[in-house]
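Understanding the architecture of this molecule
Chain by chain, the residues:
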Amino acid sequence: MGFSARFVCWLTAALVAIAPRAFAQALPDLGSAGDATLSPQMERRLGENVMRDIRFREPSYVDDPEVAEYLAGLGARLAQGSSAVRQDFEFFAIRDSSINAFALPGGFVGVHTGLITTSETESELASVLAHEMAHVTQRHIARMIGQQQQMQMPMMVALAAAILLGRSRPDLASGAIAATQAGAVQASLGYSRDFEREADRIGLQALDAAGFDARAMALFFEKLQRASRVADDGTMPGYLRTHPITFERIADAQNKAAALPYRQHLDSPDFQLVRAKLRAEAGDARDAVSYMDAAVREKRYASEAAARYGLATALLRAARAKDAEAEMARLRATNTGGAMIETLDARIKQALKQPDAAVKVLSAARGRYAHSRAVLYAYIDALQQAGQNEAALANLAEPMRLYPRDALLHQLQAKGYAAIGKRLLQQLQGSLPAAIEQLQLARSAGDGDFYQLSVVDARLKELRSQHTQELRDAKK
Ligand SMILES: [Zn+2]
(Lines give C-alpha, C1' and ligand atoms only; values in the text may rest on other atoms or scores of the structure.)
Protein backbone atom coordinates (compact mmCIF):
# COMPACT_ATOMS: atom_id res chain seq x y z
CA MET A 1 0.00 0.00 0.00
CA GLY A 2 2.77 2.37 0.96
CA PHE A 3 4.24 1.57 -2.40
CA SER A 4 1.29 2.87 -4.37
CA ALA A 5 1.26 6.20 -2.64
CA ARG A 6 4.93 6.81 -3.21
CA PHE A 7 4.76 5.51 -6.73
CA VAL A 8 1.94 7.72 -7.89
CA CYS A 9 3.31 10.80 -6.20
CA TRP A 10 6.85 10.66 -7.47
CA LEU A 11 5.81 9.58 -10.91
CA THR A 12 3.39 12.46 -11.22
CA ALA A 13 6.01 14.86 -10.00
CA ALA A 14 8.60 13.45 -12.37
CA LEU A 15 6.27 13.71 -15.31
CA VAL A 16 5.35 17.27 -14.55
CA ALA A 17 9.02 18.13 -14.34
CA ILE A 18 9.82 16.36 -17.57
CA ALA A 19 6.87 17.52 -19.59
CA PRO A 20 7.77 21.06 -20.65
CA ARG A 21 11.22 20.06 -21.85
CA ALA A 22 10.28 16.82 -23.57
CA PHE A 23 7.20 18.18 -25.22
CA ALA A 24 8.17 21.69 -26.11
CA GLN A 25 8.64 20.92 -29.79
CA ALA A 26 5.59 18.75 -30.17
CA LEU A 27 3.13 20.96 -28.32
CA PRO A 28 1.55 22.64 -31.37
CA ASP A 29 0.32 19.23 -32.58
CA LEU A 30 -1.76 18.84 -29.46
CA GLY A 31 -3.43 22.18 -29.88
CA SER A 32 -4.97 21.38 -33.24
CA ALA A 33 -8.65 20.69 -32.84
CA GLY A 34 -8.84 18.06 -35.55
CA ASP A 35 -6.31 15.78 -33.94
CA ALA A 36 -7.78 14.01 -30.94
CA THR A 37 -4.80 11.77 -30.28
CA LEU A 38 -1.22 11.95 -29.15
CA SER A 39 1.14 11.06 -31.98
CA PRO A 40 2.79 7.63 -31.66
CA GLN A 41 6.19 9.34 -31.43
CA MET A 42 5.08 11.51 -28.52
CA GLU A 43 3.42 8.55 -26.89
CA ARG A 44 6.64 6.57 -27.11
CA ARG A 45 8.66 9.48 -25.74
CA LEU A 46 6.28 9.92 -22.83
CA GLY A 47 6.49 6.19 -22.12
CA GLU A 48 10.29 6.19 -22.33
CA ASN A 49 10.51 9.06 -19.84
CA VAL A 50 8.28 7.27 -17.36
CA MET A 51 10.22 4.02 -17.86
CA ARG A 52 13.56 5.70 -17.22
CA ASP A 53 12.29 6.96 -13.88
CA ILE A 54 10.79 3.61 -12.97
CA ARG A 55 14.06 1.79 -13.77
CA PHE A 56 16.33 4.14 -11.87
CA ARG A 57 14.19 5.46 -9.03
CA GLU A 58 11.43 3.01 -8.24
CA PRO A 59 12.60 0.49 -5.62
CA SER A 60 9.68 -1.81 -6.44
CA TYR A 61 10.87 -2.20 -10.03
CA VAL A 62 11.85 -5.85 -10.44
CA ASP A 63 15.32 -5.68 -11.93
CA ASP A 64 15.41 -9.34 -12.90
CA PRO A 65 16.30 -10.36 -16.46
CA GLU A 66 14.65 -13.78 -16.02
CA VAL A 67 11.28 -12.33 -15.07
CA ALA A 68 11.58 -9.75 -17.86
CA GLU A 69 12.56 -12.44 -20.35
CA TYR A 70 9.59 -14.59 -19.38
CA LEU A 71 7.12 -11.69 -19.71
CA ALA A 72 8.66 -10.65 -23.04
CA GLY A 73 8.26 -14.19 -24.36
CA LEU A 74 4.63 -14.35 -23.24
CA GLY A 75 3.96 -10.92 -24.75
CA ALA A 76 5.62 -11.90 -28.03
CA ARG A 77 3.37 -14.96 -28.34
CA LEU A 78 0.31 -12.75 -27.79
CA ALA A 79 1.56 -10.10 -30.22
CA GLN A 80 1.81 -12.74 -32.95
CA GLY A 81 -1.88 -13.37 -32.39
CA SER A 82 -2.87 -9.78 -33.12
CA SER A 83 -1.52 -9.21 -36.60
CA ALA A 84 -3.26 -5.90 -37.32
CA VAL A 85 -0.98 -3.40 -35.61
CA ARG A 86 2.78 -3.19 -35.52
CA GLN A 87 3.77 -2.11 -32.04
CA ASP A 88 6.88 -2.70 -29.97
CA PHE A 89 6.12 -3.84 -26.47
CA GLU A 90 8.27 -3.88 -23.39
CA PHE A 91 7.14 -5.67 -20.25
CA PHE A 92 8.33 -5.16 -16.72
CA ALA A 93 7.32 -6.31 -13.24
CA ILE A 94 6.61 -4.21 -10.15
CA ARG A 95 6.97 -5.89 -6.78
CA ASP A 96 3.50 -5.41 -5.34
CA SER A 97 1.21 -8.11 -4.01
CA SER A 98 -1.94 -6.48 -5.39
CA ILE A 99 -3.45 -7.88 -8.58
CA ASN A 100 -2.74 -5.29 -11.20
CA ALA A 101 -1.35 -4.57 -14.64
CA PHE A 102 -1.17 -1.30 -16.51
CA ALA A 103 -0.11 0.03 -19.86
CA LEU A 104 2.00 3.15 -20.17
CA PRO A 105 2.04 5.15 -23.40
CA GLY A 106 4.29 3.73 -26.09
CA GLY A 107 3.87 0.01 -25.44
CA PHE A 108 5.36 -0.33 -21.95
CA VAL A 109 3.29 -2.77 -19.91
CA GLY A 110 3.78 -3.12 -16.16
CA VAL A 111 2.71 -6.24 -14.30
CA HIS A 112 2.40 -6.46 -10.52
CA THR A 113 4.06 -9.56 -9.09
CA GLY A 114 0.73 -10.21 -7.31
CA LEU A 115 -0.91 -10.76 -10.68
CA ILE A 116 1.71 -13.35 -11.64
CA THR A 117 1.54 -15.27 -8.37
CA THR A 118 -2.28 -15.15 -8.24
CA SER A 119 -2.73 -16.47 -11.77
CA GLU A 120 -3.30 -20.19 -11.48
CA THR A 121 -2.75 -20.86 -15.16
CA GLU A 122 -0.60 -19.19 -17.75
CA SER A 123 -3.75 -18.47 -19.78
CA GLU A 124 -5.12 -16.36 -16.91
CA LEU A 125 -1.99 -14.24 -16.81
CA ALA A 126 -1.97 -14.05 -20.61
CA SER A 127 -5.60 -12.87 -20.65
CA VAL A 128 -4.73 -9.79 -18.58
CA LEU A 129 -1.65 -9.06 -20.69
CA ALA A 130 -3.67 -9.45 -23.89
CA HIS A 131 -6.25 -6.98 -22.58
CA GLU A 132 -3.57 -4.41 -21.68
CA MET A 133 -1.84 -4.90 -25.03
CA ALA A 134 -5.16 -4.20 -26.76
CA HIS A 135 -5.44 -0.87 -24.89
CA VAL A 136 -2.06 -0.04 -26.45
CA THR A 137 -2.67 -1.26 -30.00
CA GLN A 138 -6.08 0.46 -30.09
CA ARG A 139 -4.38 3.64 -28.89
CA HIS A 140 -6.82 4.11 -26.02
CA ILE A 141 -4.26 5.95 -23.92
CA ALA A 142 -3.44 8.44 -26.64
CA ARG A 143 -7.11 8.96 -27.32
CA MET A 144 -7.86 9.57 -23.63
CA ILE A 145 -5.04 12.05 -23.25
CA GLY A 146 -5.86 13.65 -26.57
CA GLN A 147 -9.43 14.28 -25.50
CA GLN A 148 -8.18 16.58 -22.78
CA GLN A 149 -6.73 19.07 -25.26
CA GLN A 150 -7.89 22.13 -23.44
CA MET A 151 -5.65 21.26 -20.52
CA GLN A 152 -2.17 22.52 -19.96
CA MET A 153 0.54 20.01 -20.71
CA PRO A 154 1.65 19.38 -17.10
CA MET A 155 -1.91 18.62 -16.08
CA MET A 156 -2.30 16.35 -19.02
CA VAL A 157 0.79 14.43 -18.14
CA ALA A 158 -0.19 14.19 -14.48
CA LEU A 159 -3.54 12.89 -15.56
CA ALA A 160 -1.89 10.36 -17.83
CA ALA A 161 0.28 9.12 -14.96
CA ALA A 162 -2.74 8.70 -12.71
CA ILE A 163 -4.77 6.90 -15.34
CA LEU A 164 -2.04 4.66 -16.56
CA LEU A 165 -0.71 3.38 -13.31
CA GLY A 166 -4.01 1.71 -12.49
CA ARG A 167 -3.15 2.79 -8.97
CA SER A 168 -4.65 1.04 -5.99
CA ARG A 169 -4.95 4.27 -3.95
CA PRO A 170 -7.13 6.62 -6.00
CA ASP A 171 -7.47 9.03 -3.09
CA LEU A 172 -3.77 9.80 -3.30
CA ALA A 173 -3.80 9.93 -7.07
CA SER A 174 -6.56 12.51 -7.04
CA GLY A 175 -4.54 14.45 -4.48
CA ALA A 176 -1.70 14.55 -6.95
CA ILE A 177 -4.02 15.71 -9.66
CA ALA A 178 -5.62 18.40 -7.53
CA ALA A 179 -2.13 19.68 -6.93
CA THR A 180 -1.83 20.36 -10.62
CA GLN A 181 -5.25 22.00 -10.70
CA ALA A 182 -6.73 19.37 -12.92
CA GLY A 183 -9.31 18.26 -10.39
CA ALA A 184 -12.12 18.73 -12.84
CA VAL A 185 -11.03 15.81 -14.95
CA GLN A 186 -11.02 13.23 -12.17
CA ALA A 187 -14.21 11.80 -13.54
CA SER A 188 -12.45 10.62 -16.65
CA LEU A 189 -9.89 8.50 -14.76
CA GLY A 190 -10.02 4.92 -15.89
CA TYR A 191 -10.90 3.48 -19.25
CA SER A 192 -14.36 4.01 -20.63
CA ARG A 193 -16.76 1.11 -21.03
CA ASP A 194 -16.31 1.21 -24.78
CA PHE A 195 -12.54 0.98 -24.43
CA GLU A 196 -12.92 -1.92 -22.00
CA ARG A 197 -15.25 -3.74 -24.34
CA GLU A 198 -12.85 -3.25 -27.24
CA ALA A 199 -9.82 -4.37 -25.20
CA ASP A 200 -11.69 -7.49 -24.08
CA ARG A 201 -12.73 -8.36 -27.62
CA ILE A 202 -9.31 -7.85 -29.17
CA GLY A 203 -7.51 -9.36 -26.20
CA LEU A 204 -9.63 -12.49 -26.42
CA GLN A 205 -8.86 -12.88 -30.12
CA ALA A 206 -5.14 -12.56 -29.42
CA LEU A 207 -5.39 -15.04 -26.55
CA ASP A 208 -7.08 -17.62 -28.75
CA ALA A 209 -4.84 -17.02 -31.75
CA ALA A 210 -1.75 -17.51 -29.56
CA GLY A 211 -3.04 -20.92 -28.44
CA PHE A 212 -4.10 -20.05 -24.91
CA ASP A 213 -7.34 -21.15 -23.29
CA ALA A 214 -9.78 -18.32 -24.11
CA ARG A 215 -12.07 -19.25 -21.20
CA ALA A 216 -9.36 -18.05 -18.82
CA MET A 217 -10.37 -14.42 -19.33
CA ALA A 218 -13.87 -14.82 -17.89
CA LEU A 219 -12.51 -17.09 -15.14
CA PHE A 220 -10.02 -14.46 -14.09
CA PHE A 221 -12.63 -11.69 -14.19
CA GLU A 222 -14.77 -13.73 -11.82
CA LYS A 223 -11.83 -14.30 -9.54
CA LEU A 224 -11.14 -10.55 -9.43
CA GLN A 225 -14.78 -9.83 -8.70
CA ARG A 226 -14.81 -12.35 -5.84
CA ALA A 227 -11.64 -10.78 -4.47
CA SER A 228 -13.26 -7.34 -4.50
CA ARG A 229 -16.28 -8.65 -2.60
CA VAL A 230 -14.06 -10.19 0.05
CA ALA A 231 -12.23 -6.91 0.62
CA ASP A 232 -14.57 -5.25 3.12
CA ASP A 233 -12.23 -2.43 4.09
CA GLY A 234 -13.33 -0.41 1.11
CA THR A 235 -10.21 -1.20 -0.88
CA MET A 236 -10.59 -2.71 -4.28
CA PRO A 237 -7.93 -4.41 -6.39
CA GLY A 238 -6.31 -1.63 -8.42
CA TYR A 239 -7.13 -3.38 -11.65
CA LEU A 240 -10.85 -3.07 -10.97
CA ARG A 241 -10.62 0.67 -10.59
CA THR A 242 -9.15 1.30 -14.01
CA HIS A 243 -10.85 -1.67 -15.65
CA PRO A 244 -14.28 -1.90 -14.00
CA ILE A 245 -15.54 -5.46 -14.26
CA THR A 246 -19.25 -5.76 -14.84
CA PHE A 247 -21.45 -8.83 -15.18
CA GLU A 248 -21.83 -7.76 -18.78
CA ARG A 249 -18.07 -8.03 -19.32
CA ILE A 250 -17.93 -11.46 -17.73
CA ALA A 251 -20.91 -12.73 -19.73
CA ASP A 252 -19.42 -11.26 -22.91
CA ALA A 253 -16.08 -12.97 -22.34
CA GLN A 254 -17.84 -16.26 -21.55
CA ASN A 255 -20.01 -16.12 -24.65
CA LYS A 256 -17.17 -15.24 -26.98
CA ALA A 257 -14.96 -17.97 -25.51
CA ALA A 258 -17.77 -20.53 -25.79
CA ALA A 259 -17.97 -19.84 -29.52
CA LEU A 260 -14.31 -20.78 -29.94
CA PRO A 261 -13.04 -24.35 -30.21
CA TYR A 262 -11.97 -25.74 -26.84
CA ARG A 263 -8.24 -25.60 -26.38
CA GLN A 264 -6.27 -27.01 -23.52
CA HIS A 265 -3.15 -24.99 -22.97
CA LEU A 266 -0.15 -26.59 -21.32
CA ASP A 267 1.56 -24.04 -19.10
CA SER A 268 5.21 -23.49 -19.92
CA PRO A 269 7.65 -24.72 -17.24
CA ASP A 270 8.97 -21.16 -16.97
CA PHE A 271 5.54 -19.89 -15.87
CA GLN A 272 5.77 -22.08 -12.76
CA LEU A 273 9.45 -21.24 -12.19
CA VAL A 274 8.83 -17.48 -12.41
CA ARG A 275 5.91 -17.75 -9.96
CA ALA A 276 8.05 -19.79 -7.55
CA LYS A 277 10.90 -17.30 -7.81
CA LEU A 278 8.66 -14.30 -7.10
CA ARG A 279 7.05 -16.09 -4.16
CA ALA A 280 10.44 -17.08 -2.74
CA GLU A 281 11.69 -13.51 -3.02
CA ALA A 282 8.68 -11.85 -1.41
CA GLY A 283 8.56 -10.79 2.23
CA ASP A 284 10.83 -12.06 4.97
CA ALA A 285 13.43 -14.62 3.87
CA ARG A 286 12.75 -17.06 6.73
CA ASP A 287 8.99 -16.88 6.16
CA ALA A 288 9.60 -17.61 2.49
CA VAL A 289 11.63 -20.72 3.44
CA SER A 290 8.83 -21.98 5.72
CA TYR A 291 6.21 -21.33 3.05
CA MET A 292 8.10 -23.08 0.26
CA ASP A 293 9.20 -25.89 2.57
CA ALA A 294 5.58 -26.60 3.58
CA ALA A 295 4.51 -26.53 -0.08
CA VAL A 296 7.14 -29.14 -0.96
CA ARG A 297 6.43 -31.39 2.05
CA GLU A 298 2.65 -31.27 1.64
CA LYS A 299 2.93 -31.57 -2.14
CA ARG A 300 0.93 -28.36 -2.61
CA TYR A 301 2.24 -27.52 -6.05
CA ALA A 302 1.45 -27.64 -9.74
CA SER A 303 5.04 -28.69 -10.48
CA GLU A 304 7.42 -30.44 -8.09
CA ALA A 305 10.44 -28.96 -9.87
CA ALA A 306 9.08 -25.42 -9.50
CA ALA A 307 8.30 -25.96 -5.81
CA ARG A 308 11.82 -27.26 -5.16
CA TYR A 309 13.23 -24.41 -7.25
CA GLY A 310 11.30 -21.98 -5.03
CA LEU A 311 12.56 -23.63 -1.87
CA ALA A 312 16.19 -23.56 -3.06
CA THR A 313 15.77 -19.88 -4.00
CA ALA A 314 14.35 -19.04 -0.56
CA LEU A 315 17.13 -21.01 1.19
CA LEU A 316 19.79 -19.16 -0.76
CA ARG A 317 18.12 -15.89 0.17
CA ALA A 318 18.16 -16.90 3.82
CA ALA A 319 21.95 -17.44 3.54
CA ARG A 320 21.57 -21.24 3.75
CA ALA A 321 23.61 -22.09 0.66
CA LYS A 322 24.43 -25.63 1.84
CA ASP A 323 20.73 -26.46 2.22
CA ALA A 324 20.02 -24.79 -1.11
CA GLU A 325 22.64 -27.06 -2.70
CA ALA A 326 20.92 -30.15 -1.26
CA GLU A 327 17.55 -28.95 -2.55
CA MET A 328 19.11 -28.30 -5.97
CA ALA A 329 20.23 -31.95 -6.05
CA ARG A 330 16.61 -33.05 -5.41
CA LEU A 331 15.43 -30.62 -8.11
CA ARG A 332 17.96 -32.10 -10.56
CA ALA A 333 16.60 -35.55 -9.73
CA THR A 334 13.22 -34.52 -11.21
CA ASN A 335 14.99 -34.27 -14.59
CA THR A 336 13.43 -30.91 -15.36
CA GLY A 337 15.21 -28.60 -17.77
CA GLY A 338 15.20 -24.83 -17.82
CA ALA A 339 17.61 -21.95 -18.06
CA MET A 340 16.40 -20.60 -14.72
CA ILE A 341 17.43 -23.82 -12.99
CA GLU A 342 20.97 -23.50 -14.39
CA THR A 343 21.39 -19.90 -13.25
CA LEU A 344 20.10 -20.77 -9.76
CA ASP A 345 22.57 -23.66 -9.57
CA ALA A 346 25.35 -21.23 -10.50
CA ARG A 347 24.24 -18.70 -7.86
CA ILE A 348 24.31 -21.43 -5.23
CA LYS A 349 27.83 -22.42 -6.28
CA GLN A 350 28.92 -18.78 -6.10
CA ALA A 351 27.50 -18.52 -2.58
CA LEU A 352 29.47 -21.65 -1.68
CA LYS A 353 32.63 -19.92 -2.96
CA GLN A 354 32.96 -22.19 -5.98
CA PRO A 355 33.24 -19.57 -8.76
CA ASP A 356 34.85 -21.96 -11.26
CA ALA A 357 32.06 -24.51 -10.81
CA ALA A 358 29.54 -21.73 -11.47
CA VAL A 359 31.35 -20.83 -14.71
CA LYS A 360 31.23 -24.47 -15.79
CA VAL A 361 27.46 -24.75 -15.21
CA LEU A 362 26.76 -21.54 -17.12
CA SER A 363 29.17 -22.31 -19.94
CA ALA A 364 27.15 -25.47 -20.64
CA ALA A 365 23.89 -23.53 -20.22
CA ARG A 366 25.09 -20.95 -22.79
CA GLY A 367 25.27 -23.72 -25.35
CA ARG A 368 21.83 -25.09 -24.49
CA TYR A 369 20.01 -21.75 -24.09
CA ALA A 370 21.83 -19.64 -26.65
CA HIS A 371 18.85 -17.31 -27.06
CA SER A 372 18.63 -16.44 -23.34
CA ARG A 373 19.98 -13.02 -22.46
CA ALA A 374 19.55 -13.87 -18.74
CA VAL A 375 21.94 -16.83 -19.10
CA LEU A 376 24.40 -14.63 -20.99
CA TYR A 377 24.41 -11.99 -18.23
CA ALA A 378 24.87 -14.67 -15.58
CA TYR A 379 27.71 -16.27 -17.54
CA ILE A 380 29.62 -13.01 -18.01
CA ASP A 381 29.09 -12.15 -14.34
CA ALA A 382 30.32 -15.60 -13.30
CA LEU A 383 33.47 -15.23 -15.45
CA GLN A 384 34.16 -11.89 -13.81
CA GLN A 385 33.58 -13.29 -10.32
CA ALA A 386 36.02 -16.06 -11.16
CA GLY A 387 38.59 -13.43 -12.18
CA GLN A 388 38.43 -14.40 -15.86
CA ASN A 389 38.04 -10.86 -17.14
CA GLU A 390 39.66 -11.40 -20.55
CA ALA A 391 37.33 -14.32 -21.23
CA ALA A 392 34.37 -12.22 -20.08
CA LEU A 393 35.30 -9.44 -22.52
CA ALA A 394 35.83 -11.92 -25.35
CA ASN A 395 32.40 -13.44 -24.72
CA LEU A 396 30.80 -10.00 -24.75
CA ALA A 397 32.02 -9.14 -28.25
CA GLU A 398 29.41 -10.97 -30.30
CA PRO A 399 26.39 -10.18 -28.06
CA MET A 400 27.32 -6.50 -28.10
CA ARG A 401 27.26 -6.55 -31.87
CA LEU A 402 23.84 -8.22 -31.77
CA TYR A 403 22.32 -6.01 -29.06
CA PRO A 404 24.17 -2.68 -29.25
CA ARG A 405 21.54 -0.92 -27.11
CA ASP A 406 21.67 -3.38 -24.21
CA ALA A 407 22.77 -1.24 -21.25
CA LEU A 408 23.61 -4.20 -19.03
CA LEU A 409 26.11 -5.55 -21.56
CA HIS A 410 27.83 -2.16 -21.60
CA GLN A 411 27.95 -2.20 -17.79
CA LEU A 412 29.50 -5.67 -17.76
CA GLN A 413 32.05 -4.57 -20.33
CA ALA A 414 32.98 -1.49 -18.32
CA LYS A 415 33.33 -3.68 -15.23
CA GLY A 416 35.68 -5.96 -17.15
CA TYR A 417 37.86 -3.10 -18.32
CA ALA A 418 37.90 -1.64 -14.81
CA ALA A 419 39.01 -4.96 -13.33
CA ILE A 420 41.80 -5.29 -15.90
CA GLY A 421 42.84 -1.70 -15.25
CA LYS A 422 43.01 -2.28 -11.51
CA ARG A 423 45.14 -5.37 -11.92
CA LEU A 424 47.29 -3.45 -14.34
CA LEU A 425 47.94 -0.79 -11.74
CA GLN A 426 49.05 -3.43 -9.29
CA GLN A 427 51.36 -4.91 -11.89
CA LEU A 428 52.73 -1.49 -12.71
CA GLN A 429 54.50 -1.62 -9.42
CA GLY A 430 56.13 -4.75 -10.78
CA SER A 431 57.44 -4.69 -14.30
CA LEU A 432 56.44 -2.45 -17.16
CA PRO A 433 56.86 -4.96 -19.99
CA ALA A 434 54.35 -7.28 -18.27
CA ALA A 435 51.89 -4.43 -17.89
CA ILE A 436 52.24 -3.54 -21.57
CA GLU A 437 51.66 -7.14 -22.51
CA GLN A 438 48.51 -7.28 -20.35
CA LEU A 439 47.18 -4.13 -21.94
CA GLN A 440 47.80 -5.52 -25.41
CA LEU A 441 45.89 -8.66 -24.40
CA ALA A 442 43.01 -6.56 -23.09
CA ARG A 443 42.98 -4.61 -26.33
CA SER A 444 42.63 -7.70 -28.46
CA ALA A 445 40.20 -9.46 -26.12
CA GLY A 446 37.01 -7.50 -26.61
CA ASP A 447 35.63 -5.46 -29.44
CA GLY A 448 35.69 -2.27 -27.42
CA ASP A 449 34.19 0.77 -29.03
CA PHE A 450 36.27 3.58 -30.43
CA TYR A 451 36.35 5.47 -27.14
CA GLN A 452 37.46 2.51 -25.06
CA LEU A 453 40.06 1.44 -27.56
CA SER A 454 41.51 4.92 -27.70
CA VAL A 455 41.72 4.99 -23.90
CA VAL A 456 43.58 1.69 -23.96
CA ASP A 457 45.81 2.90 -26.80
CA ALA A 458 46.64 6.10 -24.96
CA ARG A 459 47.57 4.11 -21.88
CA LEU A 460 49.68 1.74 -23.96
CA LYS A 461 51.52 4.66 -25.55
CA GLU A 462 52.14 6.16 -22.11
CA LEU A 463 53.50 2.89 -20.72
CA ARG A 464 55.74 2.32 -23.76
CA SER A 465 57.30 5.77 -23.50
CA GLN A 466 57.70 5.27 -19.76
CA HIS A 467 59.39 1.94 -20.49
CA THR A 468 61.70 3.51 -23.10
CA GLN A 469 62.60 6.20 -20.57
CA GLU A 470 63.38 3.57 -17.95
CA LEU A 471 65.62 1.72 -20.40
CA ARG A 472 67.43 4.95 -21.21
CA ASP A 473 67.83 5.78 -17.53
CA ALA A 474 69.23 2.31 -16.93
CA LYS A 475 71.95 2.90 -19.56
CA LYS A 476 73.14 6.13 -17.95
ZN1 LIG B 1 -8.87 -2.29 -19.46
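Bear in mind that the values here come from a model prediction, so they are computed numbers and not experimental data.

1. Describing the layout of surface pockets
The volume enclosed by the largest pocket comes to roughly 1800 Å³. Taken together, 44 residues line the largest pocket, and the ones lying closest to its centre are Arg 55, Tyr 61, Tyr 377, Asp 406 and Leu 408. For the lining of the largest pocket, the secondary-structure elements that each account for two or more residues are helix H3 (40–57), helix H4 (65–81), strand S1 (90–94), helix H14 (269–281), helix H18 (339–351), helix H20 (373–385) and helix H22 (407–428). Each residue belonging to the lining of the largest pocket can be placed in one class, and the counts come to 23 nonpolar, three polar and 18 charged. Estimates place the volume of the second largest pocket at around 300 Å³. In terms of lining residues, the second largest pocket is bounded by 18 residues, among which Glu 69, Tyr 70, Asp 270, Ala 339 and His 371 are the most central. Those elements that place two or more of their residues in the lining of the second largest pocket are H4, H14 and H18. Counting residues per element, the lining of the second largest pocket draws most heavily on H4, which supplies six residues. A class-by-class count of the residues in the lining of the second largest pocket yields seven nonpolar, six polar and five charged.

2. Regarding the pairing of strand S3 (residues 108–112)
In summary, the side chains of a regular strand alternate between the two faces of the sheet. The buried fraction of S3 amounts to five of the five residues, a majority that puts the element mostly inside the structure. Relative to S3, S1 runs parallel, the two sharing five bridges. Bridge pairing in S3 links Phe 92 to Gly 110. Here strand S2 (residues 101–104) folds back onto S3, and the loop between the two strands holds three residues, one of which, Gly 106, carries a positive phi near 85 degrees.

3. Describing the packing of aromatic side chains
By the definition in use, this model includes four aromatic pairs. A centroid spacing of 6.5 Å and a plane angle of 40 degrees characterise the contact between Tyr 70 and Phe 271, whose relative ring orientation is tilted. With Tyr 70 in helix H4 and Phe 271 in helix H14, the pair connects residues that are 201 residues apart, well separated along the chain. Among the aromatic side chains, those forming a connected cluster through ring pairs are Tyr 61, Phe 92 and Phe 102. Against the face of Phe 221 rests Arg 249, its NZ or CZ located 4.5 Å from the ring centre. The ring of Tyr 403 has Arg 373 lying over it, and the distance from NZ or CZ to the ring centre is 3.5 Å.

4. A short note on the packing of helix H16 (residues 304–317) against H18
Put simply, H16 and H18 touch, their axes get as near as 11 Å, and they point 25 degrees apart. Judged by the angle between their axes, H16 and H18 are roughly parallel. In the crossing of H16 with H18, the sense of the turn from one axis to the other is left-handed. For the pair H16 and H18, contact is made by Tyr 309, Ala 312, Thr 313 and Leu 316 and by Met 340, Ile 341, Leu 344, Arg 347, Ile 348 and Ala 351, respectively. Its residues assigned to classes, the contact of H16 with H18 comprises eight nonpolar, one polar and one charged.

5. Description of the sheet that holds S3
Strand order in the open sheet formed by three strands is S1-S3-S2, with mixed pairing between adjacent strands. Looking at strand neighbours, the two that pair on one side only are S1 and S2, the edges of this open sheet. On average, each strand axis in the sheet is tilted by 25 degrees relative to the strand beside it, whichever way the strands run. The strands touched by helix H6 (residues 122–137) within the sheet are S1, S2 and S3, with S2 carrying the most contacts at an inclination of about 25 degrees.

6. Side note on the confidence of the model for the protein chain
When pLDDT is averaged along the protein chain, the result is 78, and 73% of the positions lie at 70 or above. Within the protein chain, the element-level pLDDT minimum falls on helix H2 (residues 27–31), averaging 33, and the maximum on H18, averaging 98. Counting interchain partners and residues more than four positions distant, the pLDDT-below-50 stretch residues 1–36 has 69 contacts. Low pLDDT, under 50, characterises residues 166–189; the predicted model gives this stretch 43 contacts beyond four residues in sequence or across chains.

7. Let's talk about the pattern of salt bridges
Using the criterion set out here, one finds 28 salt bridges in the structure. With its nearest N and O atoms 3.4 Å apart, the salt bridge here joins Glu 48 to Arg 44. Linking Glu 48 with Arg 44, this pair stays in helix H3, spanning four residues, or about one helical turn. Looking at Glu 48, the relative accessible area reads 31%, which means it is partly exposed. Judged by relative accessible area, which is 26%, Arg 44 ranks as partly exposed. Across the pair Arg 297 and Asp 293 runs a salt bridge whose closest N-O atoms are separated by 3.1 Å. One end of the pair is Arg 297 and the other is Asp 293, both in helix H15 (residues 285–297) and four residues apart, which spans about a single turn. In this structure Arg 297 comes out as exposed when scored by relative accessible area, which is 57%. Taking relative accessible area as the criterion, Asp 293 reaches 27% and is therefore assigned partly exposed.

Calculation notes
- Residues numbered from 1 in each chain as written.
- Predicted model: local features only at pLDDT ≥ 70, side-chain atom pairs only at ≥ 80, totals over all residues.
- Heavy atoms only, no water.
- 1 Å grid on protein atoms, 1.4 Å probe; cavity = no way out; pocket = protein on both sides within 12 Å on 5 of 7 lines; lining within 4 Å.
- Points joined across faces, edges and corners; volume = space filled by probe spheres on them.
- Helix = DSSP H or I, 4+ residues; strand = E, 2+ residues; numbered from the N terminus.
- Nonpolar A, V, L, I, M, F, W, Y, C, P; charged D, E, K, R; others polar.
- Buried < 20%, exposed > 50% of the residue type's maximum accessible area, 1.4 Å probe, protein only.
- Pairing = 2+ DSSP bridges.
- Phe/Tyr/Trp six-rings, centres within 6.5 Å; stacked < 30°, edge-to-face > 60°.
- Lys NZ or Arg CZ within 6 Å of the ring centre and 35° of its normal.
- Axes fitted to C-alpha atoms, helices over the stretch in contact; angles between N-to-C directions.
- Parallel < 35°, antiparallel > 145°, perpendicular 65-115°, else oblique.
- Left-handed = near helix turned anticlockwise from the far one by under 90°.
- Contact = heavy atoms within 4.5 Å.
- pLDDT = per-residue confidence, 0-100.
- Salt bridge = Lys/Arg side-chain N within 4 Å of Asp/Glu carboxyl O.

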